[in-house]
Amino acid sequence: MKVSTLIRACLLLLFVHPANAATSLAKSQTSPGTFNQSTSQDLALDASYCSSATAIPFAGGMTGDRKWRPEVSELGFCLDINKSKYGIGSTMPLAVESVGEQILVFGRERISNHFTIILMAGGQINYLPLTYDQRTKHHLEATFVLGSRVFFISYDPAYNLPEGRRRDVSRHVLSLYEVLLSDNGRTFERVAETFLHAGIESGVRITGSATSKWICAQSRCRTISLAARDRLHQNQHNSDLKIGPEFSLPSGEGTYEVLEVASSAGLHPHALLQRTVDDRIELLPGASEDVFLVCSLLQLTPCTPVPPGQIPYRLEVAEGKPKYSLATSKPDLAKVLRHDLRRSGINGTANFAENNLEGRIAWSQAYYLNGLLSALDIADLLELPNEMREDIRIRFMLEAGEMSRLSNFPYPGFLVKRYSPDREAFSSKLHVARIIKPFLRAPQMFDTEVLANMDAAVEMLAPGSITPERVASATDKRRAHARFRKYFPFWADGVRVPWNYQSAWIEAIAWLPNTPDTSRMIAQSMLHDFIENELSPAVPNRWGYVIGEMETGWSRSDRISANTVEYSGDTANPNGAHISYRSMDALALLAAHRTNIITLDEDIIEAFQRLVKEGQLYPFVNEELRLRGETQKVPEHIARIYARSNLPWHVQNQPWALLSLKDERTVDSE
């Protein structure tokens with residue numbers, strides 16, 4: 001490790017949690033943001049390092065009449081509030097709420113990602129004294145204020161059961177909490193354990209007035225308001241709240257999710273919905289079918305379709321009626337992209353400075369960063385303004401810098417524990433491969449130190465590295481493949497991995513500047529196995545998720561798995577793998593072909609081009625097709641499904657969808 005890297009790692013250890021840090025800024029202004037939970041400091045003493053901080057593009061928001069944005073430097077994070085800067089050390093600010101002169105900052109700690117609440121008031125700053133459970137069991141989803149009471153919505157990663165952790169029925173709920181600032185050491189209490197049935201990063205959207213809110217996530221919504229007496233006595237935290245029943249928005253044909261919500265001073269609340277498609281269980285929408293809907297949250301009237309061909313954004317309510325902007329010109333497409341990047345995650349923060357313990361880098365940030373890279377790659381074609389290109393470049397560099405910082409820490413590093421039965425942390429080739437791809441796509445954007453920090457991740461791609469996926473070389477009787485190690489903390493230990501696990505690994509090693517011969521030979525054998533089982537004699541519109549025992553099942557007498565002694569087989573993918581996994585498979589094959597790991601028949605490449613055009617593969621498969629000079633335009637009715645991004649992982653498709661829509665928009669903005 002370089003000396004500079006070691007020094008930086010030591011500095012960062014100060015920021016794992018404020019309770020471990022020095023307490024006096026007056027003694028050392030070179031240690032910003034290092035507050036003990038029981039002490040407070042003059043804010044003016046805490047801003048010295050903010051002079052070198054960089055604003056995080058697309059992130060920030062409003063709290064009351066205050067505009068705020070997060071900034072980052074090597075030494076810590078800063079908060080710009082109405083152009084006054086405050087150093088807040090290792091806390092990445094995700095949301096800011098204000099009640100009178102009090103400002104509450106909700107964030108996650110750099111590296112550890114511990115949940116943090118900071119109170120700024122009277123020229124002082126205090127970290128609220130959270131317990132270990134409180135710091136580790138909250139993935140923040142949203143915040144809001146009712147009267148003078150502050151609330152937040154979070155996802156408990158320990159209580160909830162994601163698919164892939166156990167064979168039990170999955171559980172995904174968002175819980176509601178109230179912050180208590182004057183309650184003898186208690187800092188917040190749970191108001192509702194099951195506030196909304198929605199998962200981690202489900203895109204919570206909130207609208208309303210000072211005393212009532214409409215809150216939606218995915219296609220579920222709920223109301224919350226202050227009881228009448230609490231409106232008169234807003235500081236009485238034991239006063240009653242009125243929480244309405246959870247309801248689903250009517251959507252007619254197909255499945256939809258809430259993109260935006262809006263109201264006029266809490267009246268006439270409406271939502272803008274976008275069609276989502278899981279082609280394992282439903283058909284892709286036709287050219288005449290609705291993609292966007294505007295729905296009243298009062299459920300008094302049917303939803304109104306947005307006319308075909310239109311891309312709505314920036315919903316608002318005026319004179320009791322919903323209205324929205326339309327992307328009618330080429331410059332408007334850039335406005336749509338900027339608008340959505342500002343909404344990605346909480347207040348545009350997406351997964352900035354988040355670790356991978358809940359799989360958020362592999363299954364969210366990796367999509368986001370690849371989407372940013374694609375936007376830069378086709379910026380000329382999209383006619384993105386120079387200022388926006390620079391913002392995208394800076395955001396990508398800052399995000400990647402925080403990711404590379406994780407490599408300096410054995411824990412959490414790039415470990416994941418979301419999918420192990422008892423939340424044991426382990427490294428996964430699948431996750432590491434997805435994490436490292438953005439660095440391999442654009443090495444010219446990084447200095448040598450950032451790339452050197454990722455060397456340990458590259459080493460995890462070696463076939464013999466100890467991860468749940470054990471790579472088995474080819475023999476005279478079988479092709480090379482990967483299996484989950486038996487007795488490893490994973491529900492399907494001992495079983496062959498799904499295709500997309502291998503595909504992620506193959507694509508990553510194809511991007512390596514010097515792929516070891518052993519890895520190339522194994523990848524080649526794996527791909528021939530995939531082609532023989534799934535793409536022969538002709539490429540289907542949809543192919544399978546897995547072969548072997550995970551597909552057919554096993555019994556106790558087979559002695560295949562220690563953690564799941566019997567299994568009836570894969571019932572979730574009878575009509576083929578999810579489009580996201582099939583798209584990973586296609587990218588792996590195309591990347592391997594580009595780097596001469598394998599030579600594909602031309603009919604396979606042509607089939608992938610056709611599947612992109614027909615919507616059977618994600619638009620982002622164009623990442624590889626463009627390198628061949630064969631970018632595929634997606635039909636307008638399919639492109640509209642991906643033209644708006646509601647969540648960070650949607651961003652990877654958005655630039656390609658907008659590019660497909662560009663030629664339909666010939667009117668220039670004035």
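Quick notes on the rules
- Residues numbered from 1 in each chain as written.
- Predicted model: local features only at pLDDT ≥ 70, side-chain atom pairs only at ≥ 80, totals over all residues.
- Heavy atoms only, no water.
- Salt bridge = Lys/Arg side-chain N within 4 Å of Asp/Glu carboxyl O.
- Buried < 20%, exposed > 50% of the residue type's maximum accessible area, 1.4 Å probe, protein only.
- Helix = DSSP H or I, 4+ residues; strand = E, 2+ residues; numbered from the N terminus.
- Pairing = 2+ DSSP bridges.
- Phe/Tyr/Trp six-rings, centres within 6.5 Å; stacked < 30°, edge-to-face > 60°.

> I keep staring at the pattern of salt bridges and nothing clicks. Help me out?
All told, the structure shown has 39 salt bridges when counted by the stated rule. Among the salt bridges present, the one from Glu71 reaches Arg69, with a minimum N-O distance of 3.4 Å. According to the relative accessible area criterion, Glu71 is buried, its value standing at 1%. Residue classification places Arg69 among the partly exposed residues on the basis of a relative accessible area of 38%. Among the salt bridges present, the one from Arg594 reaches Glu624, with a minimum N-O distance of 2.8 Å. Pair noted here: Arg594 is in helix 14 (residues 579–594) and Glu624 is in helix 16 (residues 622–627), with a separation of 30 residues, a long-range link. By relative accessible area, Glu624 is classed as buried at 2%.

> What should I look at first to understand the sheet that holds strand 22 (residues 292–296) in this one?
Paired through backbone hydrogen bonds, the strands of a sheet run either parallel or antiparallel to each other. Read from one edge to the other, the open sheet built from four strands follows the order 20-21-22-23, with strand pairing classed as antiparallel. With one partner strand each, in any of the chains shown, strand 20 (255–264) and strand 23 (304–305) form the two edges of the open sheet. Bridge count for strand 21 (residues 267–276) against strand 22 is five bridges, and the pairing is antiparallel. Across the sheet, residue Gln274 finds its bridge partner in strand 22, namely Phe292.

> Any chance you could explain the packing of aromatic side chains here in plain terms?
One pass over the structure, following the stated rule, counts 24 aromatic pairs. Measuring from centroid to centroid gives 6.5 Å for Trp363 and Tyr581, while their planes differ by 65 degrees, and the two rings are edge-to-face. Of the two residues, Trp363 is situated in helix 5 (residues 360–377) and Tyr581 in helix 14; the sequence distance between them amounts to 218 residues. Tyr581 gets classed as partly exposed once you look at its relative accessible area, which sits at 24%. Measuring from centroid to centroid gives 5.6 Å for Tyr618 and Tyr642, while their planes differ by 85 degrees, and the two rings are edge-to-face. Taken together, the positions of Tyr618 in the loop between helix 15 (602–614) and helix 16 and Tyr642 in helix 17 (residues 636–642) put the pair 24 residues apart, joining distant regions of the chain.

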